[in-house]
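Take a look at the letters that make up each chain.
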Amino acid sequence: MPRWRSALATLSAAFVGATTLFLAPPAQAAPSDADLAYRWAPLHYQDTSSKYYSADYLAPVNYDGDWNTLNNWENLDANTSRLTGTAYYSVVETETHWYITYAFYHPRDWKDYPLNLFSHENDMEGQLEVVRKDGSEYGALQAVVTLAHDNFYSYTPPGSPFTGGRESIDGTVIMQAYDGAAHPTSFQEARGHGAYAWNGADFPGGDGIVFKPSRGAGSVPTGGNDRDARYGLTDLTASDSLWGRRDNSETYAKWGALRGDNGKANAAHTPWTWDDMNDGSDLQAGVIATDPAYLVSRYFGNTGDLSLTYLRNPYRV
């Protein structure tokens, strides 16, 4: 009898172990960069000017079929059907966070059409999103830093533990439901395209475009007051994209500066040279994309165990 009991106990333990192994959920794979970028892609409120709607449409840098950025100002009117909504993104990962950069491109920064005083060819502004790796599939948004005219602006969503640090917090990120999840919202001015968090108000003047993220291609807005346009997501660190072409003289006049000869020359910058002019000498141009953990550790307080150790950083090659 003792031997039977021992054998039954052994079989029972083996059965329970096998059942537990069979029923245990598989380990959750880390989301791809494309999935992360889509999950946290903002609902983007783009103000427009009735004097020149198409100049405020989001577009790919090579919207006109080439990577020569010296002709992007001139080719705008002839290529309005190619102004498909586009946002460039990159993902940097540390032990504790994902940092997602979104960059929005316009062929013109324009001020006083048709004179265009103080304007320049090409324009790229956008934002950094700080996502805590909290054990859920896509983490939790904790902060957003935007670029508007050589100044960074800091925001936090409801529930974030972050407080002001070296820089004060400029406002709250408004979240909106989209495709089954809460997404942050963002805003860009007409003409100059400074990027901020959306404040929940209607567009100045009443006309503007609401761009929503798409897993596929973006759309060309139906006009200057399209409230249901789409933008596609393009990895700017891909070999055939902006970072992959970073040393190409057809596209860049110097490091991170797009070639442009209308208005102020070579005035548009890619994320790895975005800069706030007065946030400290230790925060050099581009750190918002290339060393975002350090920037966030200085801009905000109460950041907990925020790690400065990168697991993946495509800008460090």
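Rules used in this analysis
- Residues numbered from 1 in each chain as written.
- Predicted model: local features only at pLDDT ≥ 70, side-chain atom pairs only at ≥ 80, totals over all residues.
- Heavy atoms only, no water.
- Helix = DSSP H or I, 4+ residues; strand = E, 2+ residues; numbered from the N terminus.
- Polar contact = N/O pair within 3.5 Å; in protein donor to acceptor, adjacent residues only side chain to side chain.
- Pairing = 2+ DSSP bridges.
- Salt bridge = Lys/Arg side-chain N within 4 Å of Asp/Glu carboxyl O.
- Buried < 20%, exposed > 50% of the residue type's maximum accessible area, 1.4 Å probe, protein only.

A.B. asks: Which residues make up the environment of Tyr102, and what values go with them?
C.D. replies: The topology assignment puts Tyr102 in strand 3 (residues 97-109). From its side chain, Tyr102 meets the backbone oxygen of Ala37 in a polar contact 2.6 Å long. For Tyr102, the side chain forms a polar contact with the main-chain oxygen of Trp40, separated by 3.4 Å.

A.B. asks: Explain the sheet that holds strand 16 (residues 268-269) to me, and be specific about the residues and the numbers.
C.D. replies: Read from one edge to the other, the open sheet built from three strands follows the order 14-15-16, with strand pairing classed as antiparallel. On the outer flanks of this sheet lie strand 14 (252-254) and strand 16, each paired with one strand and no other. Pairing of strand 14 with strand 15 (residues 257-258) involves two bridges; the strand directions are antiparallel. The partner of Lys254 across the bridge, within strand 15, is Ala257.

A.B. asks: I'd like a rundown of the pattern of salt bridges, residues and numbers included.
C.D. replies: Taken as a whole and judged by the stated rule, the model has 12 salt bridges. For Asp33, the salt bridge is made with Arg312, and the minimal N-O distance between the two is 2.9 Å. Here Arg312 lies in strand 18 (residues 310-312) and Asp33 lies in helix 2 (residues 33-39), a separation of 279 residues in the sequence. Note that Asp202 and Arg227 form a salt bridge whose closest N and O atoms lie 3.5 Å from each other. Residue Asp202 is found in the loop between strand 11 (195-197) and strand 12 (208-213), and its partner Arg227 is found in the loop between strand 12 and strand 13 (229-235); the two are separated by 25 residues along the sequence. Taking the relative accessible area as the measure of exposure, Arg227 reaches 35% and is therefore partly exposed. Salt bridges sharing common partners tie together Asp33, Glu93, Lys133 and Arg312.

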